[in-house]
Amino acid sequence: MTAPSEWKLLRTRAERDFRVFTARTLDVADPRDGTEYVRTVLDCPDWVNVVALTRDQRLVLVRQFRFGTWANSLEIPGGVVDPHETDVQAAALRELEEETGYVPDTLERLGVCHPNPALQANRLHSFLARGCRQVHGGRPDGSEDLEVVLVRREDVPGLVTSGQLSHALVLAALLYDALGPRALTAP
C-alpha cells in the first residue's frame, strides 16, 4: 500500500462560529482519482490538562456535568488555552488553580497529542504537577459547576478499569504519566 497523497482543497463553503469551535465545510478532491468529497473541520484552540499530585501523592480530580453525555464526569483539571495565551504551561497552571484552587511546587510536560485528527487540528498539552497544595477554594468559570475530588494515586487504575475515569483526553494524560518521564516532541 502506498502512502496517502496530498488532498486538494477546492473551496470552503460554509463557516459557523459555535463559540468553543468554528465549523468549516470543505470541498476536497481525492488525489488518486479526483473524486470530490465534502468534509467538516472543527477549528478549536489548543487544550491543556494536568495530572495534579498533592504532596501526599493524591490525585486532584474534578467532577463536573458534561452536556455531551448528560452525566457527571470525573476528570483531571484542564481546559482551553485562551486566545491571548502563548505559553501552554502558564495556561495549565491557570486552569489547575481556577478549577481546584491548587498550585504545584513543580510542573513538567508529559506529552502532546491530537484529540481527534479526523476533524480537528488542535493539540492537547498534558502536564504533571507535583507537590500541589490548595491555596483557595477554586475560581471556576461561571458555567462550570465543579467538585474537587482527591483520590489515592494507587486507586487510579481501578477508576479507569471501572469506567469512573472515562474521558479520552484524561486517559491520554494518565497514559503519558504512566510511561514516566519522556522528552516528547509536539505533533
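In this text, all values refer to a predicted model and were calculated from it rather than measured experimentally.

### Section: the pairing of strand S5 (residues 58-66)
Link 1 in the chain: Sheet analysis places S5 next to strand S11 (residues 146-152), joined by seven bridges and oriented antiparallel. Across the sheet, the residue bridging to Leu-59 is Val-151, located in S11.
Link 2 in the chain: By the bridge criterion, five bridges tie S5 to strand S6 (residues 71-75) in an arrangement that is antiparallel. Bridge pairing links Arg-63 to Leu-74 in S6.
Link 3 in the chain: Linking S5 back to S6 in an antiparallel pair, the connection comprises four residues, with Trp-70 at a positive phi of about 50 degrees.

### Comments concerning the packing of aromatic side chains
Link 1 in the chain: Overall, the coordinates contain five aromatic pairs when judged by the stated rule.
Link 2 in the chain: When the ring of Phe-65 is compared with that of Phe-67, the centres are 5.1 Å apart and the planes differ by 80 degrees; the resulting orientation is edge-to-face.
Link 3 in the chain: Assessed through its relative accessible area of 62%, Phe-67 is described here as exposed.
Link 4 in the chain: Among the aromatic side chains, those forming a connected cluster through ring pairs are Phe-65, Phe-67 and Trp-70.

### Comments concerning helix H3 (residues 168-179)
Link 1 in the chain: Compared with an ideal rise of 1.5 Å per residue, which puts 12 residues at 16 Å, H3 spans 16 Å between its outermost C-alpha atoms and is within 8% of the ideal.
Link 2 in the chain: Regarding H3, the residues found buried are Leu-169, Val-170, Ala-172, Ala-173, Leu-174, Tyr-176 and Asp-177.
Link 3 in the chain: Looking one or two residues beyond H3, the residue adopting positive phi is Gly-180, at roughly 85 degrees.

### A look at the environment of Val-50
Link 1 in the chain: Structurally, the position occupied by Val-50 is in strand S4 (residues 47-54).
Link 2 in the chain: When its relative accessible area of 1% is taken as the criterion, Val-50 is described as buried.
Link 3 in the chain: Along the sequence, Val-50 and Ser-166 sit 116 residues apart, while their C-alpha atoms lie 16 Å from each other.
Link 4 in the chain: Non-local contacts of Val-50, meaning those with residues more than four positions away in its chain, are made with Ile-76, Pro-77, Ala-92, Leu-96, Leu-107, Phe-127 and Ala-129.

### A short note on unusual backbone geometry
Link 1 in the chain: Even without a glycine there, the phi angle at Arg-19 is positive, about 70 degrees.
Link 2 in the chain: Residue Arg-19 is classed as exposed on the basis of its relative accessible area, which comes to 74%.
Link 3 in the chain: Positive phi values are uncommon outside glycine, yet Gln-57 reaches one of about 65 degrees.
Link 4 in the chain: Among the structural elements, Gln-57 can be located in the loop between S4 and S5.

### Thoughts on the sheet that holds strand S3 (residues 36-43)
Link 1 in the chain: Strand order in the open sheet formed by three strands is S1-S2-S3, with antiparallel pairing between adjacent strands. At either end of the open sheet lies a strand with only one pairing partner, and these are strand S1 (8-17) and S3. Across the sheet, the axes of successive neighbouring strands diverge by a mean angle of 20 degrees, strand direction being ignored.
Link 2 in the chain: For strand S2 (residues 22-29) and S3, the ladder comprises eight bridges, and the chain directions are antiparallel. Bridge pairing in S3 links Leu-26 to Arg-39.

### A word on the state of the cysteines
Link 1 in the chain: All chains considered together, the criterion is met by zero disulfides.
Link 2 in the chain: Note on Cys-44: no disulfide assigned, nearest cysteine sulfur contributed by Cys-113 at a separation of 13 Å.
Link 3 in the chain: Judged by its relative accessible area of 17%, Cys-113 is buried.

### Observations concerning the side chain of Thr-25
Link 1 in the chain: Of note, Thr-25 is situated in strand S2.
Link 2 in the chain: Thr-25 gets classed as buried once you look at its relative accessible area, which sits at 19%.
Link 3 in the chain: Setting aside its immediate chain neighbours within four residues, Thr-25 contacts Arg-11, Thr-12, Arg-13, Ala-14, Val-38 and Arg-39.

So, how was this worked out
- Residues numbered from 1 in each chain as written.
- Predicted model: local features only at pLDDT ≥ 70, side-chain atom pairs only at ≥ 80, totals over all residues.
- Heavy atoms only, no water.
- Pairing = 2+ DSSP bridges.
- Helix = DSSP H or I, 4+ residues; strand = E, 2+ residues; numbered from the N terminus.
- Phe/Tyr/Trp six-rings, centres within 6.5 Å; stacked < 30°, edge-to-face > 60°.
- Buried < 20%, exposed > 50% of the residue type's maximum accessible area, 1.4 Å probe, protein only.
- Expected span 1.5 Å × (residues − 1).
- Contact = heavy atoms within 4.5 Å.
- Axes fitted to C-alpha atoms, helices over the stretch in contact; angles between N-to-C directions.
- Disulfide = S-S within 2.5 Å.

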